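Here's the letter readout for the chains.
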Amino acid sequence: VKSGAYKATVPRGKTETLKILHIIDTDTLIVSNPKVNGGTPFTIRTAGYDAPEARKNNKGQNQYWAPESLAALKKMVSEGSNIKVTYNNKDVYNRVVGFVETMDGTDIAKELISKGHVLRTADNTKDIMAQNKAKEKKLGMWANPDKVQVPSSFRAEGEIPEDPRIKSTKNTKG
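Because the structure is predicted, anything quoted here is derived from the model rather than measured.

About the criteria used
Per chain, residue numbering runs from 1 following the sequence as it is written. Residues qualify for local features only when their pLDDT is at least 70, as the model is predicted, and side-chain atom pairs are given and counted only at 80 or more; totals for whole chains, interfaces and linings, by contrast, use all residues. To get the side-chain values, all heavy atoms of the structure are used, and hydrogens and water are removed first. By salt bridge we mean one thing: a side-chain nitrogen of Lys or Arg within 4 Å of a carboxyl oxygen of Asp or Glu. Buried residues are those whose accessible area, probed at 1.4 Å on protein chains only, stays under 20% of the maximum for their type, while exposed residues exceed 50% and partly exposed ones sit between those limits. Secondary structure counts use DSSP, requiring at least four H or I residues in a row for a helix and at least two E residues in a row for a strand, with both numbered from the N terminus. By arc we mean the arc of the directions from the helix axis to the C-beta atoms, nothing more. Contacts between residues were defined by any pair of non-hydrogen atoms, one from each residue, lying within 4.5 Å. Only Phe, Tyr and Trp rings take part, Trp by its six-membered ring, and two of them pair if their centres are within 6.5 Å. Stacked means planes under 30 degrees apart, edge-to-face means over 60, and tilted covers everything else. Sitting over a ring, as applied to charges here, requires NZ of Lys or CZ of Arg to be within 6 Å of the ring centre and within 35 degrees of the ring normal. When DSSP finds at least two bridges between two strands, those strands are taken to pair. For helices, the axis comes from a line fit to the C-alpha atoms of the stretch in contact; other axes are also lines fit to C-alpha atoms, and the angle between any two N-to-C directions lies between 0 and 180 degrees.

Digging into the pattern of salt bridges
- Throughout the structure, instances matching the rule amount to nine salt bridges.
- Connected via shared salt-bridge partners are Asp 107, Lys 110, Lys 126 and Asp 127.

Right, dumping it as structure tokens:
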């Protein structure tokens, strides 16, 4: 499944139900809804957390905890399931960034952070305590804190090829 660009201005704060067509990795989903974006699938970058890179870099390495992180997400949602997305903005790659919940209202960011599967982003102040508790209890990736690495640092160590399913035009306007 390939995604196109989200054509309109992101309706910040608006919540819509979207169908997951493909889970690229723990923080990137291809979604659709016939009533949204002219029915064209588009990419959602989940807000509030950064996940270990699921794709290998050009050195053939996976990031620590990437498979476990992805498996944790797939226990909550799957391809073909619906999610609720509250739009936030677009990122530098022109992907829609949004807060994602399961249909029963589970906040995916908080759930993954509290179990040590992903890292809270700096702008996510509401989940500071959840991440601190996961660290204290040595949950998930925090069982081996010396191996925990911010995904951007992992990407900087070895280029990760773009996923051909994601159509992203890097926004040079900022």
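Back to the text.
Focus on helix 3 (residues 128-136)
- Of all the positions in helix 3, only Ala 130, Gln 131 and Ala 134 are classed as buried. All buried residues of helix 3 fall inside an arc of 95° around its axis, so they share one side. Looking at helix 3, the residues exposed on the side facing more than 90 degrees away from the buried face are Met 129 and Glu 136.
- Looking at the buried residues of helix 3, the elements they touch are helix 2 (108-114) and strand 7 (119-120).
- Just downstream of helix 3 lies Lys 138, where phi reads positive at about 55°.

Side note on the packing of aromatic side chains
- Under the counting rule described, the total for this entry stands at three aromatic pairs.
- Here the aromatic rings of Tyr 6 and Phe 42 are separated by 4.8 Å at their centres, their planes lie at 65°, and the arrangement is edge-to-face. Linking Tyr 6 in the segment before strand 1 (15-25) with Phe 42 in strand 3 (residues 42-46), this pair joins segments that are 36 residues apart in sequence. The same class applies to Tyr 6 and to Phe 42, which are both buried.
- Measuring from centroid to centroid gives 5.9 Å for Tyr 6 and Tyr 87, while their planes differ by 45°, and the two rings are tilted. Taken together, the residues span a long stretch of sequence, with Tyr 6 in the segment before strand 1 and Tyr 87 in strand 5 (residues 82-90) at a distance of 81 residues.
- Through a chain of ring-to-ring contacts, three or more aromatic side chains come together here, namely Tyr 6, Phe 42 and Tyr 87.
- Across from the ring centre of Trp 142, 5.0 Å away, lies the NZ or CZ of Lys 135, which sits over that ring.

Here's the deal with the pairing of strand 6 (residues 96-102)
- Summarising burial for strand 6: five of the seven residues are buried, a large majority.
- Looking at chain direction, strand 5 and strand 6 are connected through seven bridges and run antiparallel. If you follow Lys 90 over to strand 6, its bridge partner there is Val 96.

Let's talk about unusual backbone geometry
- Of note, Trp 65 is a non-glycine position whose phi angle comes to about 75°, a positive value.
- Positive phi, close to 70°, is recorded for Asn 94, a residue that is not glycine.
- In this structure, Asn 94 sits in the loop between strand 5 and strand 6.

Some details on the sheet that holds strand 3
- With mixed pairing, five strands are arranged side by side around a closed barrel as 1-2-3-6-5. If you compare each strand with its neighbour and ignore which way they point, the axes differ by 55° on average.
- In the sheet, strand 1 pairs with strand 2 (residues 28-32) via five bridges, with the strands oriented antiparallel. Within strand 2, the residue paired with Asp 25 across the bridge is Thr 28.
- Relative to strand 1, helix 1 (residues 66-76) is tilted by about 140°, and along the sheet it contacts strand 1, strand 2 and strand 6.

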